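Structural overview
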Amino acid sequence: MRTTFALSMLLCSVACDGQGDRVILSTPANYSRPLLCPDGEHILYTDKNTVRKGDDKSYKPEIFVTDWSGTAPRKLGSGYAVDCWKDPATGKVWVYAVENLKTGKALALFAQRLVRFPLDQPEQRERVFEDSKLSPDNIQLSSCGTMASGMAPWPHAGLIEMKEGAEFSKVSFGCWTSLSPDDSGLMWVLQGNHREVKMLADRGAETWSLQINGHPAMKGGEMYHPRWSNHPSIIAVTGPYIKPPGVSGSVVNKGGAVADVYLGRLSRDARSVESW
């Protein structure tokens with residue numbers, strides 16, 4: 001699918017500027033996973049550069065950064081950007097990305113390794129973690145940067161310990177993992193019905209379910225792309241995805257014609273969405 005890059009696709013944004021939806025990049029391409037930089041002034045995005053040969057899809061992803069006007073996008077190099085993190089100790093902004101996306105027929109993406117580089121020095125790449133089937137959906141760092149949510153491989157969901165010889169610890173099964181942007185360690189995993197997430201505290205020692213399709217406009221439909229914002233109380237989801245009659249297979253690429261972006265505010269104990 002070749003799509004334009006619109007403000008409404010920015011799932012990490014907590015506040016709107018009152019200008020409404022507008023196109024940032026008008027040239028169609030395989031844009032994917034827009035991410036706000038910590039300064040709120042710049043946007044990271046990836047052009048997947050998908051090549052189709054029969055049923056197989058191969059990728060040559062490239063990472064770019066631009067501003068809210070879409071002026072002069074700057075290429076940062078190859079890879080698929082998954083998160084942008086500011087080191088609280090040094091103030092340095094790091095881009096985390098996966099490399100070597102696998103060729104195949106699957107809707108889901110798999111990569112071989114996780115790397116990072118300074119936003120202002122993209123040539124200085126560091127290898128963080130390696131796995132033959134690392135999912136980019138959804139790697140998200142804690143505030144201190146010592147851990148990240150992830151799947152390796154899907155549907156094995158867990159935490160990546162950001163240390164020398166980074167390790168993956170499986171805590172559950174599902175998809176679209178997300179980690180609270182503070183240092184609480186609270187994590188979720190989207191469940192198979194795509195209507196709720198499994199919340200995991202203390203590395204899975206305590207769990208509970210959180211419904212993410214409770215807004216009346218969601219009409220009980222499936223929801224996708226759940227992600228914590230840069231504030232532990234604010235989350236974002238897209239939907240509802242409702243499969244047309246007679247259509248089989250995954251609903252995410254067939255039933256999203258009426259999908260919107262929703263921001264939700266979690267209750268203090270993160271056991272419910274108190275408002276949308």
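The rules behind these values
- Residues numbered from 1 in each chain as written.
- Predicted model: local features only at pLDDT ≥ 70, side-chain atom pairs only at ≥ 80, totals over all residues.
- Heavy atoms only, no water.
- Helix = DSSP H or I, 4+ residues; strand = E, 2+ residues; numbered from the N terminus.
- Rg over C-alpha atoms; globule rule 2.2 N^0.38 Å.
- Buried < 20%, exposed > 50% of the residue type's maximum accessible area, 1.4 Å probe, protein only.
- Contact = heavy atoms within 4.5 Å.
- Areas by Shrake-Rupley, 256 points an atom, 1.4 Å probe, with all protein chains shown as cover.
- Pairing = 2+ DSSP bridges.
- Axes fitted to C-alpha atoms, helices over the stretch in contact; angles between N-to-C directions.
- Salt bridge = Lys/Arg side-chain N within 4 Å of Asp/Glu carboxyl O.
- Phe/Tyr/Trp six-rings, centres within 6.5 Å; stacked < 30°, edge-to-face > 60°.
- Lys NZ or Arg CZ within 6 Å of the ring centre and 35° of its normal.

In terms of regular secondary structure, the protein is built from 0 helices and 23 strands. Relative to the globule expectation of 19 Å for 276 residues, the C-alpha radius of gyration of the protein, 18 Å, shows essentially globular dimensions. Out of the 276 residues belonging to the protein, those deemed buried represent 49%. Look at the contacts in the protein between residues 6 or more apart in sequence, and 42% of them connect residues 24 or more apart. Working note: accessible area of the protein is about 13200 Å², and carbon and sulfur atoms make up 49% of it.

Spatially, 7 strands are ordered S9-S10-S11-S12-S13-S14-S15 in an open sheet, and the strand pairing comes out antiparallel. At either margin of the open sheet sits one strand with a lone partner, and together these are strand S9 (80–86) and strand S15 (167–173). Direction aside, neighbouring strands of the sheet carry axes that sit 45° apart on average.

Across all of its chains, the model carries 11 salt bridges by this definition. Across the pair Arg-33 and Asp-137 runs a salt bridge whose closest N-O atoms are separated by 2.2 Å. Taken together, the residues Arg-33 in strand S3 (residues 31–36) and Asp-137 in strand S12 (residues 126–141) connect sequence positions 104 residues apart. Under the relative-accessibility criterion, Arg-33 is labelled buried at 11%. By relative accessible area, which is 15% here, Asp-137 ends up buried. Several salt bridges share partner residues, and in doing so they unite Glu-99, Arg-113, Arg-125, Arg-127 and Glu-130 into one network.

Here we take up the sheet that holds strand S16 (residues 175–179). Spatially, S16-S17-S18-S19 is the arrangement adopted by the 4 strands of the open sheet, whose pairing is antiparallel. Looking at which strands have only one partner, the edges of the open sheet turn out to be S16 and strand S19 (206–211). Neighbouring strand axes in the sheet, compared pairwise and without regard to direction, differ in orientation by 25° on average. As judged from the 6 bridges shared by strand S18 (residues 196–201) and S19, these two strands associate in the antiparallel manner. For Leu-200, the partnering residue across the bridge sits in S19 and is Thr-207.

Further remarks concern unusual backbone geometry. The omega torsion of the bond from Trp-154 to Pro-155 falls at 5°, within 30 degrees of zero and hence cis. In this structure, Pro-155 sits in the loop between strand S13 (147–151) and strand S14 (156–161). The omega torsion across Gly-239 and Pro-240 is -5°, close enough to zero to call that bond cis. Tracing the backbone through its elements, the reader meets Pro-240 in strand S21 (residues 234–241).

To continue, consider the pairing of strand S4 (residues 42–47). Within S4, 5 of the 6 residues are buried, which leaves the element mostly enclosed by the surrounding structure. Where S3 and S4 come together, 4 bridges link them in antiparallel fashion. Its bridge partner being in S4, Leu-36 is matched across the sheet by Ile-43. In this structure, the hairpin formed by S3 and S4 is closed by a connection of 5 residues, where Gly-40 is found at a positive phi of approximately 75°. The sheet contact formed by S4 and strand S7 (residues 62–67) spans 6 bridges and is antiparallel. Looking at S7, one finds that Tyr-45 is bridged to Phe-64.

In this section: the packing of aromatic side chains. Applying the stated criterion across every chain yields a total of 6 aromatic pairs. The interplanar angle of 15° and the centroid separation of 5.5 Å between the aromatic rings of Tyr-45 and Phe-64 together place this pair among those described as stacked. Separated by 19 residues along the polypeptide, Tyr-45 in strand S4 and Phe-64 in strand S7 bring together distant segments of the chain. Of the two residues, Tyr-45 and Phe-64, neither departs from the other in class, the shared state being buried. For the pair Tyr-262 and Trp-276, a centre-to-centre distance of 6.4 Å together with 85° between the ring planes defines the contact as edge-to-face. With a gap of 14 residues between them, Tyr-262 in strand S22 (residues 260–266) and Trp-276 in the segment after strand S23 (273–275) connect regions that are remote in the sequence. By way of ring pairs, the aromatic residues Tyr-31, Tyr-45 and Phe-64 are connected into one cluster. In this structure, Arg-116 packs its charged tip against the face of Trp-94, placed 3.6 Å from the ring centre.

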